[in-house]
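# Topology and contacts: notes
The primary structure of each chain is shown beneath.
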Amino acid sequence: MGTEHSKNEERRSMVFLRKGPKLPAWEDALLAGREPKSLLKRGLRYVSLSLIMKGMTSTPDFLWGLHEVQKLNLSRNQLVVIPPSLGKLDRLVVLNLGGNCLKCLPKEIGLLRNLKVLFVNMNCLKEVPAELSLCRKLEVLSLSHNCISQLPLSFTDLTSLRKLNLSNNRFVQIPLCIFALRSLDFLHLGSNKLENIAESIQYLVNLQIFIVENNNIRSLPRSLCYISTLELLNADYNAIQTLPEELYLLRRLRRIAWNPMDKGLHIAHNPLSRPLPEVVEGGLDILFSYLRDKKERN
């Protein structure tokens, strides 16, 4: 009889669960009796876990026990905080926290010594922990669409960093630590509050793509013209009136570019002084010839 009573209770519990609100996929997986590890996908290179667009306001506790995960996508949720437990996932190579409501990152992020790619774009960050500079293998970092105005000086230790996106933030000047990142080939500082570009930009000797559109920049530094690797220079929507005469040295700029995705020189929507507007309309070869002749005359 006791056994029959237990079965009835179990049936009533199951009915209650079925009538309840639909649970998020990660909770439902647990209630179905499966192990959290069943959510992992094992690819040829990485063990990955995607919890994108699950409506989460906090991270599930089981996550920090999945020590073998290498790619973790928590983007496009409503996460307000990432707990210190993040440091337990020390095999992470790729971490996507984009599109949440994060105001800070835990200092334990510095324990992710294998991390190569980090997206924290479209959040509410005002600062970045200095401990992030302990992730010496980091190659790609996106902090775009936040409220950041400065970076820790310790970022000079990120010597493997190749791609850095700081667009749509609150930088008034380019952080000094950036000029030490000699491996950078992509640097996006568009839609900030920059008024100038320091001559130290010349130290980024491997830079191929440099975007500073939609700022308040009044002139381009002469030293920029000595970065022979530049293939795309986007300075659209600024306050530039003149161009450095040495600009013709940037031989990998193939054209005056109008499409945002095109390589070349982007210089539209600037109050260029005459005769530069007419010269620019003639194309890059004519512009470079004009600047070269002007330099020789001087």
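If you're wondering where the values come from, they're calculated on a predicted model, not measured in any experiment.

Strand order across the open sheet formed by 11 strands is β1-β2-β3-β4-β5-β6-β7-β8-β9-β10-β11, with mixed pairing between neighbours. Two strands bound the open sheet, and with one partner strand each, they are β1 (41-42) and β11 (264-266). As paired elements, strand β2 (residues 47-50) and strand β3 (residues 71-73) share three bridges and run parallel to each other. In the sheet register, S50 faces β3, and the bridge partner there is N73.

Glancing now at the environment of E127. Topologically, E127 is positioned in the loop between β5 (117-119) and β6 (140-142). Residue classification places E127 among the exposed residues on the basis of a relative accessible area of 56%. Along the chain, E127 and N146 lie 19 residues apart, while their C-alpha atoms are 9.1 Å from each other.

Okay, the nonpolar core next. Core analysis: the biggest nonpolar cluster contains 81 residues, and L151, I178, F210 and L287 have the highest contact counts within it. If you list the elements that add at least two residues to this core, you get β2, α3 (276-281) and α4 (284-297). The element that contributes the greatest number of residues to this core is α4, accounting for four residues. Setting aside anything within four residues of it in sequence, one finds I178 in contact with L151, L164, L166, L184, L187 and L204.

For the protein, the mean per-residue pLDDT works out to 90, and 89% of the residues sit at or above 70. Below pLDDT 50 for its whole length, residues 5-21 participates in one contact with residues either more than four positions away or in separate chains.

Let us look at the pattern of salt bridges. Close approach of charged atoms allows side chains with opposite charge to pair. According to the stated counting rule, one finds 11 salt bridges in the structure shown. As a salt-bridge pair, K263 and E231 come within 2.7 Å of each other at their nearest N and O atoms. Separated by 32 residues along the polypeptide, K263 in the loop between β10 (232-234) and β11 and E231 in the loop between β9 (209-211) and β10 bring together distant segments of the chain. Look at K263 and you get partly exposed, because its relative accessible area is 42%. What you see here is one network of salt bridges that share partners, running through E139, R162, K163 and D185.

So, on to a positive patch on the surface. Taken together, the side chains of R45, K71, K116 and K137 make up a positively charged region of the molecular surface. Inspection of the secondary structure puts K137 in the loop between β5 and β6.

This brings us to the environment of S50. Take S50: it is sitting in strand β2. Residues S50 and N73, spaced 23 residues apart in sequence, show a C-alpha to C-alpha distance of 4.7 Å.

Looking now at the environment of C135. Relative to the helices and strands, C135 resides in the loop between β5 and β6. Sequence separation between C135 and I109 is 26 residues; the distance between their C-alpha atoms is 8.0 Å. Filtering out sequence-adjacent residues up to four positions away, C135 remains in contact with I109, G110, L112 and L158.

Calculation criteria
- Residues numbered from 1 in each chain as written.
- Predicted model: local features only at pLDDT ≥ 70, side-chain atom pairs only at ≥ 80, totals over all residues.
- Heavy atoms only, no water.
- Pairing = 2+ DSSP bridges.
- Helix = DSSP H or I, 4+ residues; strand = E, 2+ residues; numbered from the N terminus.
- Buried < 20%, exposed > 50% of the residue type's maximum accessible area, 1.4 Å probe, protein only.
- Core = buried A, V, L, I, M, F, W, Y, C linked by side-chain atoms within 4.5 Å.
- Contact = heavy atoms within 4.5 Å.
- pLDDT = per-residue confidence, 0-100.
- Salt bridge = Lys/Arg side-chain N within 4 Å of Asp/Glu carboxyl O.
- Patch = residues over 30% accessible without salt bridge, like charges linked within 9 Å, V, L, I, M, F, W, Y side chains within 5 Å.
- Areas by Shrake-Rupley, 256 points an atom, 1.4 Å probe, with all protein chains shown as cover.
- Lys, Arg positive; Asp, Glu negative; His and termini not counted.
- Charge placed at Lys NZ, Arg CZ, Asp CG, Glu CD.

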